[in-house]
Amino acid sequence: MKAKIVITPKKAVLDPQGKTVQTALEQMGYDGVKAVHVGKYLEIELEGDAESWRPKIDEACHKLLSNPVIEDYHFTIE
Amino acid sequence: MRFAVLQFPGSNCDQDSVHVLGNVLGHDADYLWHKEESIGNADAVVVPGGFSYGDHLRTGSIAQFSPVMNAVKAFANDGGLVIGICNGFQILCECGLLPGALVRNRSLQFRCEHIYLKVPTADSPFTSEVPEGKVLRVPIAHGEGCYFADDEALAKLQSNEQILFQYATEDGELTDEANPNGSLLNIAGICNEGRNVCGMMPHPERASENILGEDDGRLVFESMLRHLEARADLGQEAISGVAFK
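Treat the numbers as computed from the prediction; the structure is a model and nothing was measured.

Cut-off values and rules
Residues numbered from 1 in each chain as written. Chains lettered and ligands numbered in written order. Predicted model: local features only at pLDDT ≥ 70, side-chain atom pairs only at ≥ 80, totals over all residues. Helix = DSSP H or I, 4+ residues; strand = E, 2+ residues; numbered from the N terminus. Rg over C-alpha atoms; globule rule 2.2 N^0.38 Å. Buried ≥ 20, exposed ≤ 12 C-beta atoms within 10 Å, placed from the backbone. Contact = placed C-beta atoms within 7 Å. Nonpolar A, V, L, I, M, F, W, Y, C, P; charged D, E, K, R; others polar. Pairing = 2+ DSSP bridges. Axes fitted to C-alpha atoms, helices over the stretch in contact; angles between N-to-C directions. pLDDT = per-residue confidence, 0-100.

**What about the overall build of chain B?**
Argument step 1. Counting its regular elements, chain B contains five helices and eleven strands.
Argument step 2. Computed over its C-alpha atoms, the radius of gyration of chain B comes to 17 Å, within 12% of the 18 Å expected for a compact globule of 245 residues.
Argument step 3. Considering chain B as a whole, with its 245 residues, one finds that 53% of them fall into the buried category.
Argument step 4. Here the analysis covers contacts within chain B between residues at least 6 apart in sequence; of these, 76% occur between residues at least 24 apart.

In structure tokens, the structure reads:
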């Protein structure tokens, strides 16, 4: 069982990495790229019951894995 | 006065801080390993620069959970003076002692150069000795120093005069060109609402001796010392006041 966590920069935060990747994609000829956001992906291997892990993973995302001031997160446990 | 200079795995400005406070300014400065659970009898805490825990995950994100940080938080919440420099600023934001966060420089470059700082207020234990209108010249060295806070937090910083240092031209003008990392409002350093916790990206400890090029950074430490000495005098008066009764 794994928790799969995706962390992305909040909209209001400057994302120069995303902008740079977007420019590169445009230069490669990919038309119609509206925006790119560069974030993080984490996998946490777990044992035990998925439902009892859910609030704990949420807490860990809030306290350590993401910074709520600058980042959003969402996760699945599967 | 006694300073505790924290050491995390990856700190690298701890020795400069101890050197300036001890050898240049003549006060007691001791290293404090991050696994300690008390700051002992220190009068002030320095959270130094570096790359604590290899900057893994986010800068400062792991150091905030070192045992010593509980003691630092308790000390700060009790009014104790705490200054975080560079990575120290990032740690203080991560642990919630200061508002906002520091993200990748807008240029995506690590910037290592001298910059100029406007000091908008002398009303803090970290800027009281800076003469009015003086622009400080100190170095920066960081890849993640772009200060971000939401509009509400920024408005609060402004109305409470919590912005202590701003990137500026040599003449003290706040321009985009003078801003090395894209920080909102050119913010280089702030304090908390209680004004006893300061975080700044520039390195005053690297600019505290003329032999090294400049000593503007000394003013930050001298401000802290003036504050601590004034508080100690008040304490003495309070004690003697009790004795007279």
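**Re the interface of chain A and chain B**
Argument step 1. Contacts between chain A and chain B engage ten residues on the former and 13 residues on the latter.
Argument step 2. Take the side of chain A that touches chain B: its biggest share by element is three residues, from helix 1 (residues 16-27) of chain A.
Argument step 3. In the side of chain A that touches chain B, the residues fall into seven nonpolar, three polar and no charged.

**Some points on unusual backbone geometry**
Residues and elements named next belong to chain B.
Argument step 1. With a phi close to 50°, Tyr53 is a non-glycine residue in the positive phi region.
Argument step 2. Tracing the chain through its elements places Tyr53 in the loop between strand 3 (44-47) and helix 2 (67-77).
Argument step 3. Judged by local crowding, Tyr53 falls into the buried class, with 21 C-beta atoms found within 10 Å.

**Quick look at the sheet that holds strand 3 (residues 71-77) of chain A**
All names here are of chain A.
Argument step 1. Across the sheet, which stays open at both edges, the three strands sit in the order 2-1-3 with antiparallel pairing between neighbours. In the strand order of this sheet, the two ends are held by strand 2 (40-45) and strand 3, each with one partner. Taking the axes of each pair of neighbouring strands and ignoring which way they run, one obtains an average angle of 20° across the sheet.
Argument step 2. Against the sheet, helix 2 (residues 50-65) makes contact with strand 1 (2-9), strand 2 and strand 3, and its axis sits at roughly 160° relative to strand 3, the strand it touches most.

**Concerning the confidence of the model for chain B**
Argument step 1. Confidence in the prediction of chain B, expressed as mean pLDDT, is 95, and 96% of residues score 70 or more.
Argument step 2. Across the whole predicted complex the pTM is 0.94, and at the interface the ipTM reaches 0.89.

**Considering the sheet that holds strand 3 of chain B**
Residue and element names in this part refer to chain B.
Argument step 1. Read across the sheet, nine strands follow the order 2-1-3-4-11-10-9-6-7 without closing on themselves; strand pairing throughout is mixed. The strands lining the two open edges of the sheet, one partner per strand, are strand 2 (28-33) and strand 7 (136-142). With direction set aside, neighbouring strand axes in the sheet form an average angle of 25°.
Argument step 2. Taken together, the four bridges between strand 4 (residues 81-85) and strand 11 (residues 197-200) define a ladder with parallel strand orientation. Its bridge partner lying in strand 11, Val82 is registered against Val197.
Argument step 3. Across the sheet, helix 2 lies against strand 1 (2-7), strand 2, strand 3, strand 4 and strand 11, angled at about 125° from strand 4, the strand it touches most.

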